[in-house]
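Structural overview for review
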Amino acid sequence: MRKNIVAGNWKMNKNLQEGVELAKAVCGKTIANNVTVILCTPFIHLSEVSKAITNKSVFLGAQNCADKVSGAYTGEVSAEMIKSTGATYVILGHSERRAYYHETNNLLAEKTKLVLANGLTPIFCIGEVLEERESGKHFEIVKKQLTESLFELSADDFSKLVIAYEPVWAIGTGKTASPEQAQEIHKVIRDHIASKYGKTVADNTSILYGGSCNAANAKQLFANPDVDGGLIGGASLKADDFITIANSF
Ligand code: PEP
């Protein structure tokens, strides 16, 4: 059975002390037992936040990792380093990484392999920009992102992934996909996974929605049969809002 997941993407927010406080605040809340909560922090927070996590429903993740194993890559952080902090998840392919740091489907295929090789779970982001939705290409775009980055994986490896559908036009804009739009494209994503790996793998894959998901709209979004939770940006920076979202199943 696939898991319900709510993952917070803190992006480049919170200094170390503020991050530890936020993690403690999240862990101090009552979290329903039908959800896995993940805090995806900046790299430098990982080790301290790991020590601050005291709730058995809360896990730690990074927001990116290097596409190389180790060596002379100044400024990079490897999957193995992330693993050594106690983190268990890594966001890959976030639209901000694709847009500002030119990450391609092929590069993300390499990162995915390294994350999996280190026993970490990728939260793999896909999604279309506004022009692609307006010209009706959104289904084609998400299928291409999945195929080019992930479909060389074995079924066993694919089964370890979490997918996050994040329409770029909804990220940080206050414009959320409607529950109907989310369900429609999540079903397309699940069917595409089934076409490659079969129905059992597809049915067991958690597919999260991301893009201006908040305490007021999470319930309606998560009520859809193919929406298994959320990747949350802005609303993950306030413990109360974030936990309201996590308790929305
Ligand atoms: C995100 O960046 O992954 C995201 C979903 O951001 P927001 O919730 O702020 O739209």
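No experiment lies behind these values; they were computed from the predicted model shown. (Residues numbered from 1 in each chain as written. Predicted model: local features only at pLDDT ≥ 70, side-chain atom pairs only at ≥ 80, totals over all residues. Heavy atoms only, no water.)

This brings us to the sheet that holds strand 5 (residues 121-126). Taking strand neighbours around the barrel as the criterion, the 8 strands line up as 1-2-3-4-5-6-7-8 in a closed arrangement whose pairing is parallel. Within this sheet the neighbouring strands show an average axis-to-axis angle of 25 degrees, counted without direction. Where strand 6 (residues 162-165) lies against strand 7 (residues 207-210), 3 bridges are found, and the strand directions are parallel. Directly across from Ala164, in strand 7, lies its bridge partner Leu208. Most of the contacts of helix 9 (residues 179-197) go to strand 7, to which it runs at about 145 degrees, and overall it touches strand 5, strand 6 and strand 7. (Pairing = 2+ DSSP bridges. Helix = DSSP H or I, 4+ residues; strand = E, 2+ residues; numbered from the N terminus. Axes fitted to C-alpha atoms, helices over the stretch in contact; angles between N-to-C directions. Contact = heavy atoms within 4.5 Å.)

Further remarks concern the packing of helix 5 (residues 105-117) against helix 7 (residues 138-150). Axis separation between helix 5 and helix 7 bottoms out at 7 Å; the angle between their running directions is 50 degrees. By the angle between their axes, helix 5 is oblique relative to helix 7. For the element pair helix 5 and helix 7, the recorded crossing hand is right-handed. Facing helix 5, whose interface residues are Asn105, Asn106, Leu108, Ala109 and Thr112, helix 7 presents Lys144, Gln145, Glu148, Ser149 and Leu150. Of the residues assigned to the contact of helix 5 with helix 7, the class counts are 3 nonpolar, 5 polar and 2 charged. (Parallel < 35°, antiparallel > 145°, perpendicular 65-115°, else oblique. Left-handed = near helix turned anticlockwise from the far one by under 90°. Nonpolar A, V, L, I, M, F, W, Y, C, P; charged D, E, K, R; others polar.)

To continue, consider the nonpolar core. One finds Leu39, Phe158, Ile163, Ile189 and Ile193 to be the most contacted residues of the largest nonpolar core, which totals 64 residues. Beyond its immediate sequence surroundings of up to four residues, Phe158 is in contact with Leu150, Phe151, Leu153, Ile163, Ile193, Tyr197, Val201 and Thr205. Within the second largest apolar cluster, 12 residues are counted, among which are Ile5, Cys40, Val162 and Leu208. (Core = buried A, V, L, I, M, F, W, Y, C linked by side-chain atoms within 4.5 Å. Buried < 20%, exposed > 50% of the residue type's maximum accessible area, 1.4 Å probe, protein only.)

This paragraph deals with the site of the ligand. The ligand sits among 14 residues. The nearest are Lys11, His94, Glu166, Gly172 and Ser212. In this structure, an oxygen atom belonging to the ligand sits 2.7 Å away from a side-chain N or O atom of Glu166. In the environment of the ligand, an oxygen atom lies 2.8 Å from a nitrogen or oxygen atom belonging to the backbone of Gly234. (Near = heavy atom within 4 Å. Polar contact = N/O pair within 3.5 Å; in protein donor to acceptor, adjacent residues only side chain to side chain.)

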